[in-house]
Amino acid sequence: MKILKITFIALIMIIVLFFGINKFYNNYENDFQNDADIIRLEHLLYWTDLIEKYYNKIGYYPLQKQLKSDKSIGLVRISTIEQQQYFNTKSKKYIRKFDNNSNNFFEEFNMKFFLKDLEYILEQKIDEKYDIQKVPDKSPVGYNYFITDTGYLFWVTCITCGVTKISTLLADGITPTVNIVSSDMKDKVTKLLTRKEIISNPIFMQWIQKKYIKESFAKKREYNNKDNSKTN
(Lines give C-alpha, C1' and ligand atoms only; values in the text may rest on other atoms or scores of the structure.)
Protein backbone atom coordinates (compact mmCIF):
# COMPACT_ATOMS: atom_id res chain seq x y z
CA MET A 1 0.00 0.00 0.00
CA LYS A 2 2.83 2.36 0.87
CA ILE A 3 4.45 1.77 -2.53
CA LEU A 4 1.14 2.41 -4.28
CA LYS A 5 0.68 5.63 -2.31
CA ILE A 6 4.15 6.87 -3.25
CA THR A 7 3.56 5.94 -6.90
CA PHE A 8 0.23 7.78 -6.89
CA ILE A 9 1.81 10.91 -5.37
CA ALA A 10 4.62 10.78 -7.94
CA LEU A 11 2.08 10.48 -10.75
CA ILE A 12 0.16 13.49 -9.46
CA MET A 13 3.39 15.51 -9.28
CA ILE A 14 4.27 14.59 -12.87
CA ILE A 15 0.80 15.63 -14.07
CA VAL A 16 1.01 18.95 -12.18
CA LEU A 17 4.50 19.57 -13.58
CA PHE A 18 3.36 18.76 -17.12
CA PHE A 19 0.43 21.16 -17.00
CA GLY A 20 2.63 23.82 -15.41
CA ILE A 21 5.19 23.57 -18.20
CA ASN A 22 2.46 23.49 -20.84
CA LYS A 23 0.84 26.62 -19.38
CA PHE A 24 4.20 28.40 -19.26
CA TYR A 25 4.90 27.53 -22.91
CA ASN A 26 1.44 28.68 -24.03
CA ASN A 27 1.84 31.98 -22.19
CA TYR A 28 5.28 32.49 -23.72
CA GLU A 29 4.01 31.65 -27.20
CA ASN A 30 1.01 33.99 -26.89
CA ASP A 31 3.22 36.83 -25.66
CA PHE A 32 5.74 36.24 -28.45
CA GLN A 33 3.10 36.16 -31.19
CA ASN A 34 1.52 39.35 -29.82
CA ASP A 35 4.82 41.18 -30.26
CA ALA A 36 5.74 39.42 -33.50
CA ASP A 37 2.42 40.40 -35.06
CA ILE A 38 2.85 44.06 -34.14
CA ILE A 39 6.24 44.05 -35.86
CA ARG A 40 4.89 42.09 -38.85
CA LEU A 41 2.25 44.76 -39.42
CA GLU A 42 4.85 47.52 -39.00
CA HIS A 43 6.96 45.75 -41.61
CA LEU A 44 3.98 45.46 -43.94
CA LEU A 45 3.79 49.25 -43.92
CA TYR A 46 7.59 49.62 -44.14
CA TRP A 47 8.10 47.45 -47.23
CA THR A 48 5.04 48.72 -49.08
CA ASP A 49 6.14 52.31 -48.43
CA LEU A 50 9.42 51.55 -50.19
CA ILE A 51 7.59 49.80 -53.02
CA GLU A 52 5.22 52.76 -53.50
CA LYS A 53 8.11 55.26 -53.41
CA TYR A 54 9.85 53.21 -56.07
CA TYR A 55 6.72 53.34 -58.25
CA ASN A 56 6.25 57.07 -57.71
CA LYS A 57 9.82 57.67 -58.85
CA ILE A 58 9.93 55.64 -62.06
CA GLY A 59 6.35 54.59 -62.87
CA TYR A 60 6.54 50.83 -62.29
CA TYR A 61 7.04 48.48 -59.34
CA PRO A 62 10.22 46.69 -58.23
CA LEU A 63 11.10 43.77 -60.53
CA GLN A 64 8.06 44.39 -62.74
CA LYS A 65 10.28 44.97 -65.77
CA GLN A 66 12.29 41.82 -65.03
CA LEU A 67 9.31 39.47 -65.51
CA LYS A 68 9.76 37.08 -68.42
CA SER A 69 6.28 37.71 -69.83
CA ASP A 70 3.04 39.58 -69.17
CA LYS A 71 1.61 36.32 -67.78
CA SER A 72 4.39 35.80 -65.26
CA ILE A 73 3.90 36.25 -61.52
CA GLY A 74 7.07 37.21 -59.71
CA LEU A 75 7.79 36.32 -56.10
CA VAL A 76 10.25 37.58 -53.52
CA ARG A 77 10.20 35.79 -50.20
CA ILE A 78 11.20 38.45 -47.68
CA SER A 79 13.11 36.19 -45.33
CA THR A 80 16.44 35.84 -43.55
CA ILE A 81 19.10 33.34 -44.58
CA GLU A 82 18.03 31.20 -41.63
CA GLN A 83 14.34 31.30 -42.55
CA GLN A 84 15.11 30.42 -46.17
CA GLN A 85 16.35 26.98 -45.12
CA TYR A 86 12.76 25.82 -44.60
CA PHE A 87 11.74 26.40 -48.21
CA ASN A 88 15.10 25.75 -49.89
CA THR A 89 14.93 22.30 -51.46
CA LYS A 90 18.71 21.93 -51.10
CA SER A 91 18.57 22.42 -47.33
CA LYS A 92 18.34 19.59 -44.81
CA LYS A 93 15.74 21.68 -42.99
CA TYR A 94 13.45 21.92 -46.02
CA ILE A 95 9.74 21.49 -45.19
CA ARG A 96 7.55 21.19 -48.25
CA LYS A 97 4.38 22.57 -46.62
CA PHE A 98 6.19 25.87 -46.00
CA ASP A 99 7.32 26.13 -49.62
CA ASN A 100 4.68 28.12 -51.51
CA ASN A 101 6.65 27.77 -54.72
CA SER A 102 7.35 24.03 -54.62
CA ASN A 103 5.90 23.64 -58.12
CA ASN A 104 7.91 26.61 -59.48
CA PHE A 105 4.71 28.34 -60.53
CA PHE A 106 6.12 31.75 -59.60
CA GLU A 107 9.11 33.40 -61.18
CA GLU A 108 11.27 33.80 -58.13
CA PHE A 109 13.76 36.57 -57.32
CA ASN A 110 16.10 36.41 -54.34
CA MET A 111 16.35 38.96 -51.55
CA LYS A 112 19.74 40.33 -52.62
CA PHE A 113 18.48 41.12 -56.11
CA PHE A 114 15.30 42.73 -54.73
CA LEU A 115 17.26 44.89 -52.28
CA LYS A 116 19.82 45.89 -54.88
CA ASP A 117 17.00 47.07 -57.15
CA LEU A 118 15.34 49.06 -54.35
CA GLU A 119 18.57 50.71 -53.24
CA TYR A 120 19.61 51.59 -56.77
CA ILE A 121 16.34 53.30 -57.68
CA LEU A 122 15.66 54.91 -54.29
CA GLU A 123 19.32 55.89 -53.89
CA GLN A 124 19.43 54.90 -50.24
CA LYS A 125 20.55 52.07 -48.00
CA ILE A 126 17.63 49.83 -47.07
CA ASP A 127 17.37 48.47 -43.55
CA GLU A 128 16.12 44.93 -43.96
CA LYS A 129 12.99 44.15 -41.94
CA TYR A 130 12.13 40.51 -41.37
CA ASP A 131 9.74 38.36 -39.41
CA ILE A 132 11.32 38.01 -35.95
CA GLN A 133 10.18 34.39 -35.67
CA LYS A 134 13.18 32.33 -36.70
CA VAL A 135 11.67 28.85 -37.03
CA PRO A 136 8.23 27.96 -38.47
CA ASP A 137 5.85 26.09 -36.22
CA LYS A 138 2.37 25.48 -37.58
CA SER A 139 2.63 28.43 -39.94
CA PRO A 140 5.33 29.71 -42.31
CA VAL A 141 7.69 32.52 -41.35
CA GLY A 142 8.62 35.45 -43.55
CA TYR A 143 6.74 37.78 -45.89
CA ASN A 144 5.84 37.57 -49.57
CA TYR A 145 5.99 40.15 -52.36
CA PHE A 146 4.18 39.17 -55.56
CA ILE A 147 4.49 41.19 -58.74
CA THR A 148 2.63 40.98 -62.07
CA ASP A 149 2.42 43.19 -65.12
CA THR A 150 -0.64 44.76 -63.43
CA GLY A 151 0.71 45.54 -59.98
CA TYR A 152 1.78 43.99 -56.69
CA LEU A 153 0.53 42.15 -53.63
CA PHE A 154 2.42 42.04 -50.34
CA TRP A 155 1.37 39.85 -47.42
CA VAL A 156 2.52 39.13 -43.90
CA THR A 157 1.25 36.59 -41.44
CA CYS A 158 -0.61 37.88 -38.39
CA ILE A 159 -1.27 34.94 -36.09
CA THR A 160 -3.30 36.87 -33.51
CA CYS A 161 -5.38 38.71 -36.12
CA GLY A 162 -7.64 35.79 -37.02
CA VAL A 163 -10.09 36.10 -39.89
CA THR A 164 -11.69 39.54 -40.24
CA LYS A 165 -12.89 41.90 -42.94
CA ILE A 166 -9.26 42.72 -43.73
CA SER A 167 -7.49 39.43 -42.99
CA THR A 168 -7.83 36.00 -44.51
CA LEU A 169 -6.32 32.52 -44.30
CA LEU A 170 -3.63 30.95 -46.42
CA ALA A 171 -4.43 27.77 -48.31
CA ASP A 172 -3.34 25.79 -45.22
CA GLY A 173 -6.57 26.92 -43.55
CA ILE A 174 -4.89 27.99 -40.30
CA THR A 175 -2.57 30.92 -41.03
CA PRO A 176 -4.10 34.43 -41.02
CA THR A 177 -2.52 37.00 -43.33
CA VAL A 178 -2.91 40.72 -43.87
CA ASN A 179 -2.41 42.00 -47.41
CA ILE A 180 -1.68 45.24 -49.22
CA VAL A 181 -2.09 45.60 -52.97
CA SER A 182 -1.68 48.21 -55.65
CA SER A 183 -4.95 49.76 -56.80
CA ASP A 184 -5.04 47.75 -60.04
CA MET A 185 -4.92 44.49 -58.08
CA LYS A 186 -7.83 45.13 -55.73
CA ASP A 187 -10.34 43.07 -57.68
CA LYS A 188 -8.06 40.06 -58.11
CA VAL A 189 -8.53 38.54 -54.65
CA THR A 190 -11.02 39.18 -51.83
CA LYS A 191 -10.22 41.25 -48.74
CA LEU A 192 -7.46 43.25 -50.36
CA LEU A 193 -6.81 46.88 -49.52
CA THR A 194 -4.38 49.45 -50.84
CA ARG A 195 -1.80 50.89 -48.49
CA LYS A 196 -3.77 54.10 -48.10
CA GLU A 197 -6.95 52.20 -47.29
CA ILE A 198 -5.42 49.88 -44.73
CA ILE A 199 -3.67 52.66 -42.82
CA SER A 200 -7.02 54.32 -42.14
CA ASN A 201 -8.92 51.07 -41.50
CA PRO A 202 -10.19 50.93 -37.87
CA ILE A 203 -9.41 47.21 -37.49
CA PHE A 204 -5.84 47.70 -38.68
CA MET A 205 -5.42 50.77 -36.50
CA GLN A 206 -6.46 48.75 -33.47
CA TRP A 207 -3.93 46.02 -34.30
CA ILE A 208 -1.01 48.34 -34.96
CA GLN A 209 -1.63 50.27 -31.73
CA LYS A 210 -1.46 47.20 -29.49
CA LYS A 211 1.12 47.32 -26.71
CA TYR A 212 4.26 45.23 -26.79
CA ILE A 213 4.80 42.75 -23.99
CA LYS A 214 8.59 42.45 -24.45
CA GLU A 215 9.36 45.30 -26.80
CA SER A 216 13.13 45.38 -26.15
CA PHE A 217 13.46 41.71 -27.09
CA ALA A 218 11.38 42.12 -30.26
CA LYS A 219 13.17 45.29 -31.38
CA LYS A 220 16.61 43.81 -30.71
CA ARG A 221 15.84 40.81 -32.89
CA GLU A 222 14.51 43.17 -35.57
CA TYR A 223 17.68 45.29 -35.40
CA ASN A 224 19.99 42.27 -35.59
CA ASN A 225 18.49 41.39 -38.97
CA LYS A 226 18.90 44.78 -40.63
CA ASP A 227 21.86 43.70 -42.80
CA ASN A 228 21.08 39.99 -42.97
CA SER A 229 21.44 39.52 -46.72
CA LYS A 230 24.67 41.51 -46.80
CA THR A 231 26.45 39.70 -43.97
CA ASN A 232 25.61 36.12 -44.89
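The residue numbering used here restarts from 1 in each chain and proceeds along that chain's sequence as written. pLDDT decides what is reported in this predicted model: residues at 70 or higher carry local features, side-chain atom pairs at 80 or more are listed and counted, and totals for whole chains, interfaces and linings draw on all residues regardless. In computing side-chain properties, one takes all heavy atoms of the structure into account and sets aside hydrogens as well as water.

**Examining the packing of aromatic side chains**
(1) Moving on: A pair of aromatic rings is counted whenever rings of Phe, Tyr or Trp (Trp by its six-membered ring) have centres within 6.5 Å, and the orientation is called stacked for planes under 30 degrees apart, edge-to-face for over 60 and tilted otherwise. The final tally for this structure, using the stated rule, is 13 aromatic pairs.
(2) Moving on: Centre to centre, the rings of F114 and Y145 are 5.3 Å apart; their planes meet at 35°, and the pair counts as tilted. Of this pair, F114 sits in helix 3 (residues 111-122) while Y145 sits in strand 3 (residues 143-147), and the two are 31 residues apart along the sequence. Each member of the pair, F114 as well as Y145, is classed as buried. Only DSSP runs of H or I reaching four residues or more are called helices, and only runs of E reaching two or more are called strands; each is numbered from the N terminus. Accessible area is worked out with a 1.4 Å probe on protein chains only. A residue is then buried under 20% of its type maximum, exposed over 50%, and partly exposed in between.

**Some details on the side chain of T194**
(1) Moving on: Here T194 shows up in the loop between strand 6 (176-181) and helix 4 (195-199).
(2) Moving on: The class of T194 is buried, set by a relative accessible area of 13%.
(3) Moving on: Only heavy atoms enter the contact rule, under which two residues are in contact if any of them lie within 4.5 Å. When sequence neighbours within four positions are dropped, the list of residues in contact with T194 reads I180, V181, S182, S183 and K186.

**A closer look at helix 3**
(1) Moving on: Expected span of a helix: the number of residues minus one, times 1.5 Å. Here helix 3 spans 16 Å end to end across 12 residues, near enough to the 16 Å set by a 1.5 Å rise per residue.
(2) Moving on: Residues M111, F114, L115, D117, L118, E119, I121 and L122 constitute the buried set of helix 3.
(3) Moving on: The residue sitting at the N-terminus of helix 3 and contributing the capping side-chain oxygen is N110; that oxygen lies 3.2 Å from the backbone nitrogen of K112.
(4) Moving on: Following helix 3 by one or two positions, E123 has its phi on the positive side, about 55°. Counted as a polar contact is a pair of N or O atoms within 3.5 Å, where, for protein atoms, one must be capable of donating a hydrogen and the other of accepting one, and residues adjacent in sequence contribute only when both atoms are in side chains.

**Examining the layout of surface pockets**
Over the atoms a probe the size of a water molecule is rolled, and this reveals where empty space is left.
(1) Moving on: Of the voids in this model, the largest pocket is the one considered here, and its volume is about 720 Å³.
(2) Moving on: Going through the elements one at a time, strand 3, strand 4 (152-157), strand 5 (167-169) and strand 6 are the ones with two or more residues in the lining of the largest pocket.
(3) Moving on: In terms of residue count, strand 3 provides more of the lining of the largest pocket than any other element does, 3 residues in total.
(4) Moving on: Only Asp, Glu, Lys and Arg are considered charged in this grouping, and only Ala, Val, Leu, Ile, Met, Phe, Trp, Tyr, Cys and Pro are considered nonpolar; every other residue, Gly among them, is considered polar. A per-class count over the lining of the largest pocket returns 18 nonpolar, 10 polar and 5 charged. A pocket here means an open set of points on a 1 Å grid, computed over the protein atoms alone, that has protein on both sides within 12 Å along at least five of seven lines. A cavity is instead a set of points where a 1.4 Å probe fits but cannot get out; residues with an atom within 4 Å of a point line either one. Grid points are joined across faces, edges and corners, and a volume is the space filled by probe spheres set on the points.

**A look at the nonpolar core**
A general trend in soluble globular proteins is that nonpolar side chains are found buried together.
(1) Moving on: Counting residues in hydrophobic clusters, the biggest one holds 36 residues, and the most contacted among them are W47, I78, F114, Y145, F154, V178 and F204.
(2) Moving on: When residues of this core are assigned to their parent elements, the largest contribution, 7 residues, is made by helix 1 (residues 2-58).
(3) Moving on: Non-local contacts of F114, meaning those with residues more than four positions away in its chain, are made with W47, P62, L63, V76, I78 and Y145.
(4) Moving on: Nine residue types can take part in a nonpolar core, namely buried Ala, Val, Leu, Ile, Met, Phe, Trp, Tyr and Cys, and a core is a set of them joined through side-chain atoms within 4.5 Å. Counting residues in each nonpolar core, the second largest holds 8 residues, with F146, L153, W155 and V181 among its members.

Function-wise, these values are silent; they only describe arrangement.
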